[in-house]
Each structure stands twice: as structure tokens, then as C-alpha cells.
Amino acid sequence: MGDIVDHEEEFLSLRLAIVNDSSCCSHINKKIIKKRKRRELMKNFINTWDLNESNCEGKILSLLELREMMLKNDVKKKGHIVVEDGKVGLHLIHSLLISATSIDENTIDLAIEKLHELYQNVTLFGDSIQRMAAYFADGLIARLLTRKSPFYDMIMKPPTQEEEFLAFTEFYKVSPFYQFAHFTANQAILEAFEKELEYNNGLLHVIDFFDISYGFQWPSLIQSLSENATTLNRISLKITGYGKTIDELRETETRLVSFAKGFRNLSFEFQGVLSGFKLSNLTKRKNETLAINLMFHLNSLSTYSKISKTLKEVHDLCPSIVTIVEQEGCKIPQTFMPRFMDSLHYFAAMFDSLDDCLPIDSIERLSIEKNHLGKEIKNALNYDEGGNNNNNSIIINSSSRYDHNEQMETCKGRMESHGFLGIPLSCKNIMQAKLLMKIRSYSNSTIQIDGGINGGFRVFEIEDPRAISLAWQDRSIVTASAWHCVL
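Remember, it's a predicted structure, so these values are computed and weren't measured experimentally. (Residues numbered from 1 in each chain as written. Predicted model: local features only at pLDDT ≥ 70, side-chain atom pairs only at ≥ 80, totals over all residues. Heavy atoms only, no water.)

## Observations concerning the overall build of the chain
Helix and strand counts for the chain stand at 16 helices and nine strands. For the chain, with 487 residues in total, the buried portion stands at 55%. The contacts of the chain with a sequence gap of at least 6 include a subset with a gap of at least 24, amounting to 75%. In the structure as shown, the chain presents an accessible area of about 22000 Å², 51% of it carried by carbon and sulfur atoms. (Helix = DSSP H or I, 4+ residues; strand = E, 2+ residues; numbered from the N terminus. Buried < 20%, exposed > 50% of the residue type's maximum accessible area, 1.4 Å probe, protein only. Contact = heavy atoms within 4.5 Å. Areas by Shrake-Rupley, 256 points an atom, 1.4 Å probe, with all protein chains shown as cover.)

In C-alpha cells:
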């Protein structure tokens, strides 16, 4: 939250650039020039779906000023958290729905009106609904602006690499979300490797698709493999990880290599590749067990054709196992409103779940909400014209990019149509997931195993194929499954 003041100063300087004029004309001419400049500038910066109202530009400028006031008030509120009653939360959700529907239907005046209401009631220092609604409001107002707008850049400004890493690290430590995803996928990979020990020469190759995510998934796999290895029968693990930048890949390699050095009965190699690297260029060792890890990857693809292309490339490698972990609120290609609704339910559960993990006034919680979850919300509601998200986060498609002839597929149908069959996750894997919840429950009574009336995190099984989901209360938030190729 330390850069809120910077945002405010940036906003003020940009606003002054719109309304000030340094010419030496008369007072009347200055007014005319000011109005003309502001109108022309705002027209360039506003998505012109249906701007028949002559005062639309002024309304959006007023909305941006109201957002600025919200941020200023939040600075004053810092350390003084006020939790509202349930009625306020319901009103915020209702306003978000009307605003999103209005934007989708090009009823811009009503959308602006509801966003005005939202910015008068949301706060980054309130309860979970108020906090979540603030980021949704930002995502919606960004949809009213073009990519050329400096206001768009201000609202959508991504966190620095350091801020993003810190938020991810804190979230990883306090929430079972990523731990559940990583441990479940790793256990499935480990079991697939053990089944082929007779002829794989102790060689395991994991291709980590999409984003290596700082390598947080792999220390537990390294440790588990080492427990099954001896000095005479060493295990060789190679991880090929996709990353956004060379610096991130180098840091990940340094981190993992340093960790692996503590296990002398295990040989470790890391190969970092930038996003876009073709799978066909990868080299395979003879008889190695090949595992493909699609951790949140399919959620990031904006069209069915891209998903199909990825699955075909994966199938061509004939991996022993493909692990898939998907966020339940971030389904693949949808038009705006279905994606908005899924995202609203999903992030409401995610923000609410933080009540179980951190105090409401925690600095770490504010960092997680702003630089991780909040970033994902804004990216979910805004996409670039090429259908790619610059922050490798959830992607939403406009109705103009959506092919209505492409039918929504279930995960099972999608995988089977590309030559994969589900691998039932083992009882050991399911027990491990439940044990993770049980360990956390020792320090927090709201975590439940197999349900419970008090809410909190819980784990449940899904049949056909046998998969596992992590839920917050009754809302599934992430699901893990495993697959193998049918030759």
C-alpha cells in the first residue's frame, strides 16, 4: 500500500495535464480551449461503445476523482479497520452485477452511476467483500478506458517483481491453496515414476508448463524422490520450467540447485525456457519417465484452438503422466458476463478465506490482496486485443472474440477427445491432502475435513475421473487431476 500516495500524485498530475492550458489567450478562450482539450483527450481515452451523452467524458472524469478520494480516505483509515454488516456486502455485490451488466450491454451511464456508488462504499481496509469489490470496481472502470489512457495505466499498474514475489510467498505460507495444488500434483508424479522404476533407469523429467512460479512446487518432490533413492541407486531429476523472464528463471535455478545439493543421492538439473519455446525442441533421455505439469496453464489460454494445440503438443510427447490443476472460478473461453460471474464467486471465496489465514489488519494480507489477488481480478476483467494477458494471469474474452460454435467442454470430455484417459488419484494422495488440512486445523478450528457446518477449508473427492478439490466452505476453488496418453 506504500505506493498509494504515488498513484495519487500521478493522478493529480495527469488531471492537471487535462484541465490546464498555458496559452496566453483571454480568459474566455482559455475556458473554450480547456473544454475542447479535455473532451478530445477523454474521447481518445474512453472505449466508445455508445457515447451519445455529451457529458459522458465528464462523468468518467468525476468517477476517477471519486476513486482518488477513496484511496486518500484509505490512507487515513489505515490501522482503523471497520467491518460492515452483511447488508452492505449484499449491496456491493448487487452494484457490481448491475455495473458489469450495464458495461456488457453498453449502457454506460448506468454503469458509471453504479461505479460511483461502489467507490463511495468500498475500501481496501474494510471487510473481505469491501476489499474485493474495490478491485472489481477498478477492473470495471478500466474497461471504460482505452489502453492509451494514462488512467488505464494507473489503475492497471502491475506490482513490481519484488512486490509480486513477496505477495506470492506470503500467500503460499498462510493459505493451503498453492500447497494443496503442488503437493497433490507432486504425489501423482512420484507414483507414476515409481511404477516405471524397473525400466526408467531412475530418470525423471518434469516439464513445468506456463510459469515456473519461482520453483515453489519442486522442493517437496526433490525431498520425496531422495527418500526413495540410495547412494548406489541415485535418482536423476530434470525439470524444464517455463518462465516470463531470464532473470526469474536464473533465480529459480539458483534456488532449486541450492536446495537439491542437500540430497547427495539425487542428481538434479534445471533447464529454464522462455514462454513460447516449442515442446518439439526438447530432448528426452532414453527410458526416462516424462511428466507434464499443467499448473493453471489451461486457464490462461484464451481460445479453444489454443487449448487444443497445447494438448496435441503434449500428447505428441507421450508422457507417462499429465497433471492438471485448475482454478474453479477461471474457466476457459467465455463471454464477459459468464466469466465475470464465475470470477465474482471465486474471488469472493478467496478473499473470505483470508479471514481464516491472517488478521484483517495484517500488512501481509494487504500485500496478498493488492499484489496477487487484486492483480488477478483486474486482469480477469481486462484483456489485450490479441487475446493474451501481459501478466500471465486469468484471461477474459470479449464477445467479439468468442466463437459461439465452440461448445463448452468438461475437463473429462476435453482430455478424452485429445487422447487422454484419467488416472484415479490414489488413496495416499487423497489422505495427504486431508492431512494437510488436518495439520492446519491444529492452529485453526475453522478448517474442516469432509465438510462440517462451521465452514472453512475442506477437501473432497470427485469421481470420473477420481480427482480432488479444495473448497472454501461450499465453494470449490481449485481441483487437481491426473491423466495419461492412450496410444
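## Quick notes on the environment of Ser417
By secondary structure assignment, the location of Ser417 is in the loop between α15 (411-416) and β6 (420-423). In sequence terms Ser417 and Ser308 are 109 residues apart; their C-alpha atoms lie 9.4 Å from each other. A distance of 2.8 Å separates the side chain of Ser417 from the backbone oxygen of Arg414, its partner in a polar contact. (Polar contact = N/O pair within 3.5 Å; in protein donor to acceptor, adjacent residues only side chain to side chain.)

## Notes on the confidence of the model for the chain
On average, residues of the chain carry a pLDDT of 80, and 75% of them reach 70 or more. Across residues 7-28 the pLDDT falls below 50, and counting only partners more than four positions away or on other chains, this stretch makes 31 contacts in the model. Below a pLDDT of 50 lies the segment residues 451-455, which in the model reaches five contacts outside its immediate sequence neighbourhood of four places, other chains included. (pLDDT = per-residue confidence, 0-100.)

## Remarks on the packing of aromatic side chains
If you walk through the whole model with that rule in mind, you get 22 aromatic pairs. Judged by centre distance (6.2 Å) and plane angle (45°), the ring pair of Tyr135 and Phe351 falls under tilted. Within this pair, whereas Tyr135 is found in helix α6 (residues 128-143), its partner Phe351 is found in helix α13 (residues 336-353), the two being separated by 216 residues in sequence. For Phe351, a relative accessible area of 0% corresponds to the buried category. Judged by centre distance (5.2 Å) and plane angle (80°), the ring pair of Tyr172 and Phe216 falls under edge-to-face. Of the two residues, Tyr172 is situated in helix α8 (residues 161-174) and Phe216 in the loop between β1 (203-208) and α10 (218-227); the sequence distance between them amounts to 44 residues. Per residue, the accessibility class of Tyr172 equals that of Phe216, and both read buried. (Phe/Tyr/Trp six-rings, centres within 6.5 Å; stacked < 30°, edge-to-face > 60°.)

## Description of the pairing of strand β9 (residues 475-485)
The element β9 is extensively covered by neighbouring structure, given that nine of its 11 residues are classed as buried. Here strand β5 (residues 321-327) pairs with β9 via six bridges, running antiparallel. Residue pairing in the sheet places Gln327 in a bridge with Val478 of β9. Note: β6 against β9, four bridges, orientation antiparallel. Considered in β9, the bridge of Leu421 is made with His484. (Pairing = 2+ DSSP bridges.)

## What about α8?
Taking 1.5 Å per residue, 14 residues should reach 20 Å; α8 reaches 20 Å between its end C-alpha atoms and fits that length. Every buried residue of α8 is accounted for by Glu164, Ala167, Phe168, Thr169, Glu170, Phe171, Tyr172 and Val174. (Expected span 1.5 Å × (residues − 1).)

## Looking at helix α14 (residues 363-380)
Taking 1.5 Å per residue as the helical rise, α14 with its 18 residues ought to reach 26 Å, and the 24 Å between its terminal C-alpha atoms agrees with that figure. Gly374 marks where α14 bends most, by close to 40°. Among the 18 residues of α14, 16 are classified as buried, and the element is accordingly described as predominantly covered. (Bend = angle between axes of the 7 residues up to and from the residue.)

## Concerning the pattern of salt bridges
As enumerated under the stated definition, the model contains 16 salt bridges in all. Salt-bridge contacts for Glu288 lead to Arg285; the nearest nitrogen and oxygen are separated by 2.9 Å. Residue Glu288 is classed as buried on the basis of its relative accessible area of 8%. Glu461 is the salt-bridge partner of Lys434, the closest N and O atoms lying 3.9 Å from each other. One end of the pair, Lys434, is in helix α16 (residues 427-441); the other, Glu461, is in strand β7 (residues 457-462), and 27 residues separate them in sequence. A residue is classified by how much of its surface remains accessible, and Lys434, at 15% relative accessible area, is buried. Three or more residues joined by partner-sharing salt bridges are found here, namely Arg131, Asp355, Arg365 and Glu369. (Salt bridge = Lys/Arg side-chain N within 4 Å of Asp/Glu carboxyl O.)

## Here we look at unusual backbone geometry
Within the chain, Asn106 stands out as a residue other than glycine whose phi angle is a positive 65°. Following the sequence through the fold, Asn106 ends up in the loop between α4 (86-104) and α5 (108-121). Exposure remark for Asn106: the relative accessible area of 30% places this residue in the partly exposed category. Backbone geometry places Asn287, a non-glycine residue, at a positive phi of 70°.

## Let's talk about the packing of α8 against α14
Packing of α8 against α14 brings their axes to within 8 Å, and their N-to-C directions diverge by 110°. By the angle between their directions, the pair α8 and α14 is classed as roughly perpendicular. By crossing handedness, the relation of α8 to α14 is classed as left-handed. Seen from α8, the contacting residues are Glu163, Glu164, Ala167, Phe168, Glu170, Phe171 and Val174; seen from α14, they are Glu364, Ser367, Ile368, Asn371, His372 and Lys375. Class assignment for the residues of the contact of α8 with α14 results in five nonpolar, three polar and five charged. (Axes fitted to C-alpha atoms, helices over the stretch in contact; angles between N-to-C directions. Parallel < 35°, antiparallel > 145°, perpendicular 65-115°, else oblique. Left-handed = near helix turned anticlockwise from the far one by under 90°. Nonpolar A, V, L, I, M, F, W, Y, C, P; charged D, E, K, R; others polar.)

## Some words on the environment of Leu279
Tracing the chain through its elements places Leu279 in the loop between β3 (266-274) and β4 (289-295). We classify Leu279 as buried; its relative accessible area is 3%. Counting along the chain gives 35 residues from Leu279 to Val314, while the straight-line C-alpha distance between them is 7.7 Å. What Leu279 contacts, discounting residues up to four positions off in sequence, is Ile207, Phe209, Tyr242, Glu313, Val314 and Leu317.

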